[in-house]
Amino acid sequence: MKENIQNISPILLIRRLVAGIGDESRHEDMARLFAAYRDAAKSGRIPSALHGINPLYRSLHTALTLCDMVSPDRNMVIATLLYELCASEAMTVENVREGWDEDVARLVNGLLKVTSLYGKQSAVKTDNFRHLLMAFAEDIRVIIIMIVDRLSLMRLINHHPDEKFVADTAFEASYLYAPLAHRLGLYKIKGELEDLSLKYTSRETYTKIARELNETKVARDVYIADFIAPVREKLEKTGLKYEIKGRTKSIFSIWNKLRKQQVEMSGIYDLFAIRIILDVPMEEEKSECWKVFSIVTDMYTPNPKRLKDWLSIPKSNGYESLHTTVMGPGNKWVEVQIRTRRMDLVAEKGLAAHWRYKGIKSEGELDAWMNNVRDILETADGPMELMKNFKMDLYDKEVFVFTPRGDLHRLPLGASVLDFAFAIHSKIGCSCVGAKVNGRNRKLTYKLHSGDTAEIITAPGQAPKQDWLNFVVTSKARNKIRQTLNERANRSSEFGRELLQRRCKNRKIELEEGLLMRAIKKLGYRTVTDFYKAIADESIDVNDVIATYELLGNSDGKSEEHRSAQEFELQDPMDRPGDMNGEVLVIGDNIKGLNYKLSKCCNPIFGDDVFGFVSAEGVVKIHRNDCPNAAHIRERYPYRIIRTRWSGKTGNKFAATIRIVGQDDIGIVTNITSIINREKDMSLRNISIESHDGIFSGFLILGVNDTSALSNIIKKIKTVKGIKDVQRSN
């Protein structure tokens, strides 16, 4: 039964600690430690008890356990004792660096960083938390201290009144720290953590198995002695130096087998095992182990299905041993393990990282990394000294980020806020506009770091954009963005297709697929989807598309009477005698097969003096001679100008804009609209009026047949009382 550490004098604990670390102890180290605690007590910053457990006692207990079960390492012991002072802000990491050295400060800083993660309790239940713990520690010794500290805490909380605290602690020990201990080869610690965890979470089950083991202990000891006696007699005759010992499986291990195999304790093959350990030179290890195997199997019938030969081919993690299960006296199965002293040291003292054993999953790079740990730990002279420079960069290519609820997500290095949003949910990613990272607002492009807490900010109107692909790094985010962009493009493309088809139907134009493909290519679009999307986005006018389509159609079957704009030979102005001698483009309703468009910058109507300008798309834009852009066009592109005139009378109405200024009298607008409504073949399409300081001004957009009709209506409006000015506007 373990003594209650809190009932022991701190002075006695310190004496035990000094004795435990032996040669590693330094008088000046202990003096500085006492001074540090004395100063903390004077300043009132001595760490307070948490859950009724004195942190000073817990630190001393952890340091003692560290010396007893791992290594009496000076720096690890000092860091363990100083951590609580730094956590309570009685001293800083810089104080540790000045008072001791850089390595101790590094360990203390690692412990502070790792324990800072415990505010997110729900994350402890995930595999990612274990990875984050490894990434934050930066030094394998920090993880070892954490494991030993958890064992110390587990020993201290038996019959603790806070049942939830005990349950949470036991869960963490079983889920998080026991697997870590197993991976590092700290098997005794791992076994005790699992047993105590079962004890605190299912005390009845634990007590039942412990009672059955205790009740059968005498019989089991007698049986083991009867099994060993003839084996020992045979081994004595060989002259080998050896040791034989029996062991019973841990309570947790027995419970696990009972649960998985659905059997009683009597049905477990290796409820207890015999271990034969040989003292032989390394070059004779294999042959002598097989020799002992032969002796045992000659005496007892082996089960061939239970032979495990890790001598010929050791496990990838370095574990070596020879296991067999034989039928002993009373027809009971007994497992026999045969190994050398060196192999036993590797397996029993936590010096081998055979963490794959018993089904613990491999994680790729973790395999090779843990083998390096094993190699360092197997060094006989001061393994912890060698581990000072052992860099834990196992997860340096990943980041681990918390949600506000404490959920933990694993992302590749360089992941942005947007990657994190998509990792939570695709809908959240699509509507993400930023995030609060550790309480500060950050943009979508902000790169996250391990340990960050990010709260995603969304907006209903947000949608994925093409440039998002430039900074996301996760495949999930990239694929979802592309999928959304493609779906949107397809929807837009379908709308553009319907718009073109509807417009062509109105104009009684039959679209031919081949000719349309030529038009699409001529307009500079690589795909049909991009083309229809451009129509939907209004980046290209559907009328320009139809004009290009008709132009290509007419170029295939040219009319002798009328030619398209493409047929006009554009000459350099220096080579032409003048506009009067050039060819003339005739436009109007009775002219078919021409690809032209009335310019919106000057809105020409029938009767205006106009000229044609051949655009880069091959469409002739019709401008008024007094267009604001006419001078610029004539100066820069004289060789692309075509003389143009109207043909006969047109049946179409043209949009003409006039600007009116007058006194802001009641009824003046009514008078104007009445005049327009009385005009035959004229309509008022739009009116926009503003009033300021008794003066109104505005624009009227009229539907007129020609310039004479426009001039006539302007004259009539000028006769309205209160009108000061009426003129045509561009």
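Structure: see above.
All values reported here derive from a predicted model rather than from experimental measurement. (Residues numbered from 1 in each chain as written. Predicted model: local features only at pLDDT ≥ 70, side-chain atom pairs only at ≥ 80, totals over all residues. Heavy atoms only, no water.)

Trainee: Explain the sheet that holds strand β16 (residues 641-646) residue by residue, including any values.
Mentor: Overall, mixed pairing links the five strands, which are arranged β12-β16-β14-β15-β13 in an open sheet. Each having just a single partner strand, β12 (584-587) and β13 (596-598) make up the two edges of the open sheet. Going across the sheet, the axis of each strand differs from the next one's by a mean of 35°, ignoring polarity. Bridging between β12 and β16 involves four bridges; their strand directions are parallel. Its bridge partner being in β16, I587 is matched across the sheet by W646. (Pairing = 2+ DSSP bridges. Helix = DSSP H or I, 4+ residues; strand = E, 2+ residues; numbered from the N terminus. Axes fitted to C-alpha atoms, helices over the stretch in contact; angles between N-to-C directions.)

Trainee: I'd like a description of the pairing of strand β18 (residues 683-692), backed by residues and values.
Mentor: The two faces of the sheet receive side chains in turn, since in a regular strand these alternate between them. Of the pairings in the sheet, the one linking β18 to strand β19 (residues 695-704) comprises nine bridges and is antiparallel in character. Within β19, the position partnered with N686 by the bridge is I701. The hairpin formed by β18 and β19 contains two residues between the paired strands, and D693 there has a positive phi angle of roughly 55°.

Trainee: Talk me through the pattern of salt bridges; I want residue IDs and the actual numbers.
Mentor: Within the structure shown, the criterion is met by 19 salt bridges. A salt bridge links K164 to D168; the nearest nitrogen and oxygen atoms lie 2.8 Å apart. Of this pair, K164 and D168 both sit in helix α9 (residues 163-183), separated by four residues, roughly a single helical turn. With a closest N to O distance of 3.3 Å, E194 and K190 form a salt bridge. Here K190 and E194 lie together in helix α10 (residues 187-201), a separation of four residues that amounts to about one turn. Judged by relative accessible area, E194 falls into the buried class, the value being 11%. When salt bridges with common partners are traced through the structure, they connect E94, R97 and E102 into a single cluster. (Salt bridge = Lys/Arg side-chain N within 4 Å of Asp/Glu carboxyl O. Buried < 20%, exposed > 50% of the residue type's maximum accessible area, 1.4 Å probe, protein only.)

Trainee: Which residues make up the sheet that holds strand β10 (residues 440-442), and what are the values?
Mentor: Taken together, the three strands give an open sheet; going across it, the order is β10-β9-β11, and neighbouring strands pair in antiparallel fashion. Of all strands in the sheet, those bounded by a partner on one side alone are β10 and β11 (454-458). Mean inter-strand twist for the sheet, computed between neighbouring axes without regard to direction, equals 30°. Where strand β9 (residues 432-437) and β10 come together, three bridges link them in antiparallel fashion. Looking at the pairing, A435 lines up with R442 of β10. Docked against the sheet, helix α18 (residues 417-424) engages β9, β10 and β11, running at close to 100° with respect to β9. (Contact = heavy atoms within 4.5 Å.)

Trainee: Got a sec to walk through a nonpolar patch on the surface? Specific residues and values, please.
Mentor: On the surface, V669, I687 and I689 cluster together into a nonpolar patch covering about 200 Å² of accessible area. Mapped onto the fold, I689 is located in strand β18. By relative accessible area, I689 is classed as partly exposed at 37%. (Patch = residues over 30% accessible without salt bridge, like charges linked within 9 Å, V, L, I, M, F, W, Y side chains within 5 Å. Areas by Shrake-Rupley, 256 points an atom, 1.4 Å probe, with all protein chains shown as cover.)

Trainee: Tell me about unusual backbone geometry, and please be specific about residues and values.
Mentor: Look at N331: it is not a glycine, yet its phi comes out positive at around 55°. By secondary structure assignment, the location of N331 is in the loop between β5 (322-328) and β6 (332-340). Phi at N603 is positive, roughly 45°, even though this residue is not glycine. Along the chain, the position of N603 falls in the loop between β13 and β14 (610-614). With a relative accessible area of 25%, N603 lands in the partly exposed category.

Everything listed here is a matter of coordinates, which is why it stays silent on function.
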